Amino acid sequence: METTDIRSTFKDKKRIVIKIGTSSLTHKETGRLNLTKLEVLVREISDLRNQGKEVVLVSSGAIGVGSAAVGFDGKPDQLAQKQACAAVGQARLMMIYQKLFSEYNQTAGQILMTKNTMVDNLNRTNAKNTFNELLKLGVIPIVNENDTISTYEIQFGDNDTLSAVVAALIQADLLILLTDIDGLYTDDPHENPDAKFISIVENLDEHFMQMGKSTTGSKVGTGGMATKLTAAEIATAAGADMIIANGKDFHVIHRIIDGEEHGTVFVGNRKEEFYLIDYIEKLF
């Protein structure tokens, strides 16, 4: 399928997961929230809701926002400090999200998850039921890892993978990862000016997986391209299309839905044998 053809189907997507990284939410100089960008993000998501679409927002930023609020220069190193910063930052994030969404007559709800939420069969079922009920009620779930009480999640977790797991869990048909890069390249464009942009990936084979590097261009984020390709592996196997695009301007959300040429598209290719818990156990 041509890239223009697959992009033209995005306007018909009904259940969409959008992941926003810390670097896309905060000012680079201070680490504090970029309220102008947040307002655009909320307006874009609210307009998707007005089109009758169901939207889940996976939002990073709790530790980063909390760190800036309590006076750390960047993220702290000690686990207890990270957890304390997450407690402050998550509360601030949700307060601002709920205030902004309410201005557009939308209701936001918070879901905090750990890896155990997905590994445990009963917890996973309950989480799925909660998502479905919130979406049925017209609520916009805002998801993050529960960094305040978890330990190994902070050390190994990332919201790229979490957003793909959520997309698979709720059977979303589109996952949008907004990051600080335009999409997938043949090499790291920050380091190699000759790196070529890849517009569409129809078959996510080992060749593409090897392009991922466990690095990130931002000092405030946690996920590099490797985690985004892992997310693509999960989401596409579950049947969802996925796109990696630049989050410097959140207006890109409606442009993506309108079928414009932004980001790298990973075409959904549901595997009959797909079982989410197998992917989770392989990762963790």
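Enquirer: In this structure, what is going on with the overall build of the protein chain? I would like to understand it.
Expert: Secondary structure summary: the protein chain contains 13 helices and ten strands in total. Computed over its C-alpha atoms, the radius of gyration of the protein chain comes to 18 Å, within 12% of the 19 Å expected for a compact globule of 284 residues. Partitioning the contacts of the protein chain with sequence separation of at least 6, the portion at a separation of at least 24 is 75%. For the protein chain, the accessible surface area stands at approximately 13100 Å², while carbon and sulfur atoms represent 47% of it. Here the protein chain holds 29 positive side-chain charges and 38 negative ones, and the gap between their average locations is 5 Å.

Enquirer: For this particular structure, what's the right way to read the side chain of N146?
Expert: Following the sequence through the fold, N146 ends up in the loop between β4 (140–145) and α8 (152–156). If we ignore the near neighbours within four places in the chain, the residues touching N146 are L112, M113 and T114.

Enquirer: How should the sheet that holds strand β1 (residues 15–20) be read in this particular structure?
Expert: Here we have eight strands laid out as an open sheet, ordered β3-β4-β2-β1-β5-β9-β10-β8, and mixed in their pairing. Here the strands that pair on one side only, and so sit at the sheet edges, are β3 (108–113) and β8 (200–201). In this structure, strand β5 (residues 174–179) lies alongside strand β9 (residues 241–246), joined through six bridges in parallel fashion. By the bridge assignment for β9, I176 is matched with I243. Lying on the sheet, helix α11 (residues 225–237) is in contact with β5, β9 and β10 (264–266); it crosses β9 at an angle near 155 degrees.

Enquirer: Help me out: how do you make sense of the packing of helix α4 (residues 62–70) against helix α5 (residues 79–102) in this one?
Expert: Geometry of a packed helix pair, given as the angle between the helix axes and the separation of the axes. Where α4 meets α5, the axes come as close as 6 Å, and the angle between the chain directions of the two elements is 100 degrees. As judged from the angle between their axes, α4 and α5 are roughly perpendicular. Side by side, α4 and α5 meet where A62, I63, V65, G66, S67, A69 and V70 of the first sit next to K82, C85, A86, V88, G89, Q90, R92 and L93 of the second. Of the residues contributing to the contact of α4 with α5, the split by class is nine nonpolar, four polar and two charged.

Enquirer: It is not clear to me how unusual backbone geometry should be interpreted in this structure. Could you clarify?
Expert: Apart from glycine, the bulk of residues carry a negative phi angle, and the bulk of peptide bonds sit in the trans form. A positive phi angle, near 60 degrees, is found at N105, a position not held by glycine. The topology assignment puts N105 in the loop between α5 and β3. The phi dihedral of Q171 falls on the positive side, at around 55 degrees, and the residue is not glycine. Its place among the elements puts Q171 in the loop between α9 (159–169) and β5.

Enquirer: How should I be thinking about the pattern of salt bridges in this particular structure?
Expert: What the rule picks out here adds up to six salt bridges. Across the pair R7 and E261 runs a salt bridge, and its minimum N-O distance is 3.4 Å. Of this pair, R7 sits in helix α1 (residues 3–7) while E261 is found in the loop between α12 (252–257) and β10, placing the two residues 254 residues apart along the sequence. In this structure, E54 engages R15 in a salt bridge whose closest nitrogen and oxygen atoms are separated by 2.7 Å. Of the two residues, E54 sits in strand β2 (residues 54–59) while R15 sits in strand β1, which places them 39 residues apart along the sequence. When its relative accessible area of 16% is taken as the criterion, R15 is described as buried. Through salt bridges with shared partners, a single ionic network connects K19, D160 and K228.

Enquirer: It is not clear to me how the pairing of β5 should be interpreted in this structure. Could you clarify?
Expert: A regular strand carries its side chains on alternate faces of the sheet. In terms of burial, β5 is largely enclosed, as six of its six residues are buried. Note: β1 against β5, five bridges, orientation parallel. Paired with I18 across the bridge in β5 is I176.

Enquirer: For this particular structure, what's the right way to read the pairing of β9?
Expert: In terms of residue burial, β9 counts as a mostly covered element, since six of its six residues are buried. On β9, burial covers both faces: D241, I243 and A245 on one face and M242, I244 and N246 on the other are all buried. Across three bridges, β9 lies against β10 in antiparallel orientation. Counted as the bridge partner of M242 is F266 from β10.

Enquirer: Is there a simple way to explain the environment of L57 in this structure?
Expert: Structurally, L57 can be placed in strand β2. Note: C-alpha distance between L57 and S102 (45 residues apart in sequence) is 15 Å.

Enquirer: Help me understand α5 in this model?
Expert: Given 3.6 residues to a turn, an α-helix orients residues that are three or four positions apart in the same direction. Look at α5: 34 Å from first C-alpha to last across 24 residues, which is about the 34 Å you get at 1.5 Å a residue. Within α5, burial applies to Q83, C85, A86, G89, Q90, L93, M94, Y97, L100 and F101.

Enquirer: How do you make sense of the packing of aromatic side chains when you look at a structure like this?
Expert: Geometrically, a pair of aromatic rings is defined through the distance of the ring centres and the angle of the planes. Enumeration according to the criterion identifies two aromatic pairs in this entry. Between the aromatic rings of Y185 and F197, the centroid separation amounts to 5.3 Å while the plane-to-plane angle is 70 degrees, which identifies the pairing as edge-to-face. Here Y185 is found in strand β6 (residues 184–185), whereas its partner F197 is found in strand β7 (residues 197–198), with twelve residues between them in sequence. Note on Y185: relative accessible area 15%, which makes it buried. Across the ring face of F250, the terminal group of K37 is positioned such that the distance to the ring centre comes to 4.7 Å.

About the cut-offs
Residues numbered from 1 in each chain as written. Predicted model: local features only at pLDDT ≥ 70, side-chain atom pairs only at ≥ 80, totals over all residues. Heavy atoms only, no water. Helix = DSSP H or I, 4+ residues; strand = E, 2+ residues; numbered from the N terminus. Rg over C-alpha atoms; globule rule 2.2 N^0.38 Å. Contact = heavy atoms within 4.5 Å. Areas by Shrake-Rupley, 256 points an atom, 1.4 Å probe, with all protein chains shown as cover. Lys, Arg positive; Asp, Glu negative; His and termini not counted. Charge placed at Lys NZ, Arg CZ, Asp CG, Glu CD. Pairing = 2+ DSSP bridges. Axes fitted to C-alpha atoms, helices over the stretch in contact; angles between N-to-C directions. Parallel < 35°, antiparallel > 145°, perpendicular 65-115°, else oblique. Nonpolar A, V, L, I, M, F, W, Y, C, P; charged D, E, K, R; others polar. Salt bridge = Lys/Arg side-chain N within 4 Å of Asp/Glu carboxyl O. Buried < 20%, exposed > 50% of the residue type's maximum accessible area, 1.4 Å probe, protein only. Expected span 1.5 Å × (residues − 1). Phe/Tyr/Trp six-rings, centres within 6.5 Å; stacked < 30°, edge-to-face > 60°. Lys NZ or Arg CZ within 6 Å of the ring centre and 35° of its normal.

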